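# An overview of the molecular structure
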Amino acid sequence: MPPRLLPIPQVMRALARAIRDHELPAIEKIAESRHRHAFHILIGTLLSARTQDATTHAASERLFRVAATPAKMALLTTRQVETLIYPVSFYRNKARHVRATCRVLIERFGGSVPETMEDLLTLPGVGRKTANLVLILAFASRDNICVDTHVHRISNRLGWVTTRTPEQTEQALYLVADRRWWADINLYLVTWGQNVCRPIRPRCSACVISRWCPRVGVT
Ligand code: SF4
């Protein structure tokens, strides 16, 4: 079945211009400031789940200042990692995942971050969201869509997809969006979701893509 004709190119072009006025999301900042260092992007993304961007960025930088490689990070105790990354949410679980991931990177991947979805998903605490973002930001993949809570919410509000979970949204977006937009969807919709199309009280009157938005589910 051919993909439905949705105004995705118009929305993406408008967002490409509009997001220049807003701060980059935390992981994009880490990717830029750390020269697309795959290990730092991976760890930053692990820390970012359900955590404010400013908190994620500060915690990542504190951790990298003490241990910037899997070998050095694996030498830290779980307690030390917890202290460095606090107050990210679920910092105890995340500290365990960080240390376990470092050990797997060393033991199975020679201390490097693997470059395939299949291998990334074997790392403790890494799901499709993290793996897709690592592939896009660290390995310049144009074949992945990273769907977090913002991408999931806004894709549904825009009527691009009708889905219940981020995993469903990712698969549905592959069908409706042209490949040329895949890698940019996360940056554009996350920036828009943090600043304009917020979970509660989206700022529809100040939204540059409102003409293409049916506002599905917005009350
Ligand atoms: S018009 Fe409203 S619901 Fe639609 S994308 Fe903009 S802020 Fe979100």
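Rules of the game
Residues numbered from 1 in each chain as written. Predicted model: local features only at pLDDT ≥ 70, side-chain atom pairs only at ≥ 80, totals over all residues. Heavy atoms only, no water. Helix = DSSP H or I, 4+ residues; strand = E, 2+ residues; numbered from the N terminus. Rg over C-alpha atoms; globule rule 2.2 N^0.38 Å. Contact = heavy atoms within 4.5 Å. Areas by Shrake-Rupley, 256 points an atom, 1.4 Å probe, with all protein chains shown as cover. Lys, Arg positive; Asp, Glu negative; His and termini not counted. Charge placed at Lys NZ, Arg CZ, Asp CG, Glu CD. Near = heavy atom within 4 Å. 1 Å grid on protein atoms, 1.4 Å probe; cavity = no way out; pocket = protein on both sides within 12 Å on 5 of 7 lines; lining within 4 Å. Sits in = over half its atoms within 2 Å of the grid points. Nonpolar A, V, L, I, M, F, W, Y, C, P; charged D, E, K, R; others polar. Domains from an automatic or database assignment. Buried area = accessible area lost by both parts, 1.4 Å probe. Salt bridge = Lys/Arg side-chain N within 4 Å of Asp/Glu carboxyl O. Points joined across faces, edges and corners; volume = space filled by probe spheres on them. Axes fitted to C-alpha atoms, helices over the stretch in contact; angles between N-to-C directions. Parallel < 35°, antiparallel > 145°, perpendicular 65-115°, else oblique. Left-handed = near helix turned anticlockwise from the far one by under 90°.

### Thoughts on the overall build of the protein
Of the regular secondary structure elements, the protein holds 12 helices and 0 strands. Relative to the globule expectation of 17 Å for 219 residues, the C-alpha radius of gyration of the protein, 18 Å, shows essentially globular dimensions. Dimensions along the principal axes, computed over C-alpha positions, put the protein at roughly 55 × 35 × 30 Å. Looking at the protein alone, contacts between residues at least 24 apart form 61% of all its contacts between residues at least 6 apart. When the accessible area of the protein is evaluated, it comes to approximately 11,300 Å², of which 52% is carbon and sulfur surface. Where the 31 positive side-chain charges of the protein centre and where its 17 negative ones centre are 7 Å apart.

### Some points on the site of the ligand
Close to the ligand lie Arg-157, Cys-197, Pro-202, Cys-204, Cys-207, Ile-209, Ser-210, Cys-213, Arg-215 and Val-218. The site holding the ligand turns out to be the largest cavity. Partitioning the shell around the ligand into residue classes produces 7 nonpolar, 1 polar and 2 charged.

### Concerning the domain arrangement of the protein
Under the domain assignment used here, the protein contains domain 1 (8–23 + 143–212) and domain 2 (37–137). A straight line from the C-alpha centre of domain 1 to that of domain 2 covers 26 Å. Contacts between the two partners involve 11 residues from domain 1, matched on the other side by 8 residues from domain 2. Summed over both partners, the interface of domain 1 with domain 2 comes to about 730 Å²; 55% of that surface belongs to carbon and sulfur atoms. Among the residues domain 1 hides against domain 2, the three largest losses belong to Asn-144, Cys-146 and Glu-170. Together they make up 54% of the total. In this structure, the connection of domain 1 to domain 2 is made through 1 salt bridge. A salt bridge links Glu-170 to Arg-128, with the shortest nitrogen-to-oxygen separation between them at 2.7 Å.

### Remarks on the layout of surface pockets
There is about 950 Å³ of room inside the largest pocket. Lining the largest pocket we find 39 residues, and of these Ser-48, Ala-49, Arg-50, Lys-129 and Asp-148 sit closest to its centre. For the lining of the largest pocket, the elements supplying multiple residues, two or more each, are helix H2 (26–33), helix H3 (38–48), helix H4 (53–66), helix H7 (91–109), helix H9 (128–137), helix H10 (149–157), helix H11 (166–176) and helix H12 (179–195). The leading source of residues in the lining of the largest pocket is H9, at 5 residues. Across the lining of the largest pocket, the residue classes break down as 14 nonpolar, 15 polar and 10 charged. Looking at the lining of the largest pocket, you find at least three residues from each of domain 1 (8–23 + 143–212) and domain 2 (37–137).

### As for the packing of helix H6 (residues 78–85) against H7
Relative orientation of the contacting elements H6 and H7 amounts to 125°, with a least axis distance of 9 Å. One finds that H6 runs oblique with respect to H7. In the packing of H6 onto H7, the handedness of the crossing is right-handed. For the pair H6 and H7, the contacting residues are Thr-78, Val-81, Glu-82 and Ile-85 in the first and Tyr-91, Arg-92, Lys-94, Ala-95, Arg-96, Val-98 and Arg-99 in the second. Considering only residue class, the contact of H6 with H7 consists of 5 nonpolar, 1 polar and 5 charged.

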